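# Descriptive structure summary
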Amino acid sequence: KAVSPHEKKDLRDRSTVEAERRLAANPEDGWAEALLGHVLHRQGKHAEAIEHLTKAEALLAKSNPPVSEPIVYQLRGDSHLILNKTAEAHADLNRHIRLMEGAGKRPDAMAYSRRGLTRASVGKLDEALLDFNMAVSLRQDLPEIWNNRGFCRFKLGDFDGAIQDYKQGALLCQERGLVYAVAGDSVNAFLLRIADVYLSAARAQLAANDTDAARASEAEASKYRADAELLVPKKTAGKE
C-alpha cells in the first residue's frame, strides 16, 4: 500500500517527538540522535541532519560496546553529497558500504551509485564505473542509476554504452509517465542526453577523418533532439 504525503508527515512528526522525548530523558542517547538526523534528512534539512548524525556517531562510538551504525554514514553521506561536500560524502558512503559488506550484508543500489558520483566528481571514472555497474546489477528500475552510469560511460568515451544506458533510462521514464520535467529525469531529458552523445561521437569521428560516420552521428543527434522538442509542453517551449 502506498503511503500518502499526509501519512509520511505524520510519521516524521511522531518520530521527531519520540526522538526529542528520548533526548530530554537522556542527552547521551545516540540512537535518538540518529533518528532525529534521519527525520531531518527526509525533510531536506541536510545541514541540520549532518549535525545530529555526527552527534549520533560520537555517542554510539562511546557506548558499551561501541557501535558503528551503517545507516548513520549513509544518511550523512547523502546529505553531504546534496550539499556538494564531495570528499565528506565519499568518506561516509565508503564507510557505509564497507560496514555493510563486512557484516555480510548487501548495501542498497543507491549507496553504490552515490559513491560512484563522488568518485566521478574527482575524475576516478574507472572506479566510479564499478560502482555504477554494481548499482545497475542491484536495481534496474531506477532512471537515476542508468543516467549516472550513462554519463560515466560518456565521459570514458564509451559512446555506445552511454546511449544504451540513456535509452534504458528513457524507457523507464516512459513507463512511469515522466515525459517532460523542468529538472530531473524524464524522457525528454534522456533524449537530449542521447543527442549530446551522438554529437560528441561525430566530433570524434571527424577527428579520425571518418566523415561518413560523423554525418550519420550528426543525423542521429538531430533526430533525437527533434524528438525531445516534441515532448516539451507548448506553453514552455522556447523558454528553456
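For the structure, see preceding data.
The structure presented is a predicted model; accordingly, all values stated were derived computationally and were not measured.

Turning to the overall build of the protein chain, a few remarks are in order. Across its full length, the protein chain carries eleven helices and zero strands. Across the protein chain, helices and strands are ordered from the amino to the carboxyl terminus as α-α-α-α-α-α-α-α-α-α-α. Principal-axis analysis of the C-alpha atoms places the extent of the protein chain at approximately 75 × 40 × 30 Å. For the protein chain, buried positions account for 41% of its 240 residues. The contacts in the protein chain between residues at least 6 apart in sequence include a share of 47% that link residues at least 24 apart. Accessible surface, the protein chain as shown: approximately 13400 Å² in total, 53% of it carbon and sulfur. Across the protein chain, the 35 positively charged side chains and the 35 negatively charged ones have centroids separated by 2 Å.

Further remarks concern helix α2 (residues 30-42). The end-to-end C-alpha distance of α2 is 18 Å, a good match for the 18 Å that 13 residues give at a rise of 1.5 Å each. For α2, the full list of buried residues reads G30, A32, E33, A34, L36, G37, V39, L40 and H41. You can read the cap of α2 off the contacts: a side-chain oxygen lies 3.1 Å from the backbone nitrogen of W31, and it is on D29. Just downstream of α2 lies G44, where phi reads positive at about 80°.

What follows is about the packing of aromatic side chains. This model, assessed by the stated rule, comprises four aromatic pairs. Seen from their ring centres, F154 and F159 are 6.1 Å apart, and the 55° between their planes marks the pair as tilted. Look at F154 and you get buried, because its relative accessible area is 18%. Aromatic side chains Y166 and F190 sit 6.0 Å apart centroid to centroid with 55° between the ring planes, which places their arrangement in the tilted category. Here Y166 is found in helix α9 (residues 159-176), whereas its partner F190 is found in helix α10 (residues 187-207), with 24 residues between them in sequence. Neither Y166 nor F190 differs from the other in exposure class; each is buried. The positively charged end of R193 is found above the aromatic ring belonging to F190, 4.6 Å away from the centroid. Lying across the ring of Y224, K223 places its NZ or CZ 4.4 Å from the centre.

All right, on to the packing of helix α5 (residues 86-102) against helix α6 (residues 109-121) then. Relative orientation of the contacting elements α5 and α6 amounts to 140°, with a least axis distance of 9 Å. As far as their axial angle goes, α6 and α5 are oblique. Between α5 and α6 lies a crossing of left-handed hand. Together, T86, A89, H90, L93, N94, H96, I97 and E101 of α5 and A111, Y112, R114, R115, T118, R119 and S121 of α6 make up the contact between the two elements. Classifying every residue of the contact of α5 with α6 by side-chain character gives five nonpolar, six polar and four charged.

Counted under the stated rule, the structure contains 18 salt bridges. For D196, the salt bridge goes to R225, with nearest N and O atoms at 3.0 Å. Of the two residues, D196 is situated in helix α10 and R225 in helix α11 (residues 211-230); the sequence distance between them amounts to 29 residues. In this structure R225 comes out as partly exposed when scored by relative accessible area, which is 37%. Between D227 and K223 there is a salt bridge, with its nearest N and O atoms 3.4 Å apart.

Rules and cut-offs
Residues numbered from 1 in each chain as written. Predicted model: local features only at pLDDT ≥ 70, side-chain atom pairs only at ≥ 80, totals over all residues. Heavy atoms only, no water. Helix = DSSP H or I, 4+ residues; strand = E, 2+ residues; numbered from the N terminus. Buried < 20%, exposed > 50% of the residue type's maximum accessible area, 1.4 Å probe, protein only. Contact = heavy atoms within 4.5 Å. Areas by Shrake-Rupley, 256 points an atom, 1.4 Å probe, with all protein chains shown as cover. Lys, Arg positive; Asp, Glu negative; His and termini not counted. Charge placed at Lys NZ, Arg CZ, Asp CG, Glu CD. Expected span 1.5 Å × (residues − 1). Polar contact = N/O pair within 3.5 Å; in protein donor to acceptor, adjacent residues only side chain to side chain. Phe/Tyr/Trp six-rings, centres within 6.5 Å; stacked < 30°, edge-to-face > 60°. Lys NZ or Arg CZ within 6 Å of the ring centre and 35° of its normal. Axes fitted to C-alpha atoms, helices over the stretch in contact; angles between N-to-C directions. Parallel < 35°, antiparallel > 145°, perpendicular 65-115°, else oblique. Left-handed = near helix turned anticlockwise from the far one by under 90°. Nonpolar A, V, L, I, M, F, W, Y, C, P; charged D, E, K, R; others polar. Salt bridge = Lys/Arg side-chain N within 4 Å of Asp/Glu carboxyl O.

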